[in-house]
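Inside the fold
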Amino acid sequence: QVQLVESGGGLVQAGGSLRLSCAASGRTFSYYAMGWFRQAPGKEREFVAQISPSGGTTYYAEAVKGRFTISRDNAKNTAYLQMNSLKPEDTAVYYCAAAPRLGVRVTNGYDYWGQGTQVTVSS
């Protein structure tokens, strides 16, 4: 069992930065690939980024590649999403999730989810 709690969301102007954190409970955090998804009002939840259990491999959605960076600290049971050059279209609720396999970009491939944190980017 893994429980996930996101933090770090907020309101930021276009071009600004935010860093999201995802704190995990349990001693199995380092076994899981960690992902970030987002969901804007009226839209489906979409993949943002994923990182391997060791942190050595990462994947990104095209929309965020070059602007967002996913990382993790297994000693702290925490995953991060550094978001730079934010755009109004990045506005969404951001969720972290844990997957047993790497390379998964669909929601049903993830076993555990956080409650989400709101990110709002003003123009």
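Use the structure listed above.
Counting of residues starts from 1 at the beginning of each chain's written sequence and follows it residue by residue. Note on the predicted model: pLDDT of at least 70 is required for a residue's local features to be given, and 80 or more for side-chain atom pairs to be given and counted; whole-chain, interface and lining totals, by contrast, use all residues. Excluding hydrogens and water, the side-chain figures rest on all heavy atoms present in the structure.

What follows concerns the packing of aromatic side chains. Here the aromatic set is Phe, Tyr and Trp, taking the six-membered ring for Trp, and pairing holds for ring centres within 6.5 Å; pairs whose planes are under 30 degrees apart are stacked, those over 60 apart are edge-to-face, and all others are tilted. Under the defined criterion, the tally for this structure stands at six aromatic pairs. Ring geometry for Tyr 32 versus Tyr 112: centroids 5.8 Å apart, planes at 80°, classification edge-to-face. Of this pair, Tyr 32 sits in the loop between strand S3 (18-24) and strand S4 (33-39) while Tyr 112 sits in strand S10 (residues 112-113), and the two are 80 residues apart along the sequence. Judged by centre distance (5.9 Å) and plane angle (55°), the rings of Tyr 110 and Trp 113 are tilted. By relative accessible area, Tyr 110 is classed as buried at 5%. Taking relative accessible area as the criterion, Trp 113 reaches 26% and is therefore assigned partly exposed. Counting every residue linked through ring pairs, the aromatic cluster contains Phe 37, Phe 47, Tyr 95, Tyr 110 and Trp 113. A positively charged side chain is recorded as over a ring if its NZ (Lys) or CZ (Arg) lies within 6 Å of the ring centre. The angle to the ring normal must also be within 35 degrees. The ring of Trp 113 is capped by Arg 45, whose NZ or CZ atom sits 5.0 Å from the centre of that ring. Strands are runs of DSSP state E lasting at least two residues, helices are runs of H or I lasting at least four, and both sets are numbered from the N terminus onward. When a residue's accessible area, from a 1.4 Å probe over protein chains only, is under 20% of the maximum for its type it is buried; when over 50% it is exposed; and in between it is partly exposed.

With respect to the helices, strands and loops of the structure, Gly 15 is situated in the loop between strand S2 (10-13) and S3. Residues Gly 15 and Ser 85, 70 residues apart in the sequence, show an inter-C-alpha distance of 4.2 Å. Contacts: residue pairs with any heavy atoms within 4.5 Å of one another. With residues up to four places along the chain from it excluded, the contact list for Gly 15 reads Ser 85 and Leu 86.

With antiparallel pairing, four strands are arranged side by side in an open sheet as S1-S3-S8-S7. Because the sheet does not close on itself, it has two edges, and the strands there are strand S1 (4-7) and strand S7 (68-73). Adjacent strand axes in the sheet meet at a mean angle of 15° when their direction is disregarded. Sheet topology note: the S3/strand S8 (residues 78-83) ladder contains six bridges and is antiparallel. Each residue of the ladder has a partner; that of Ala 23, found in S8, is Thr 78. In short, DSSP must find at least two bridges between two strands for them to pair. Throughout, an axis means a line fitted to C-alpha atoms (over the contacting stretch in the case of helices), and angles, computed between N-to-C directions, take values from 0 to 180 degrees.

That is the geometry; function is a separate question.
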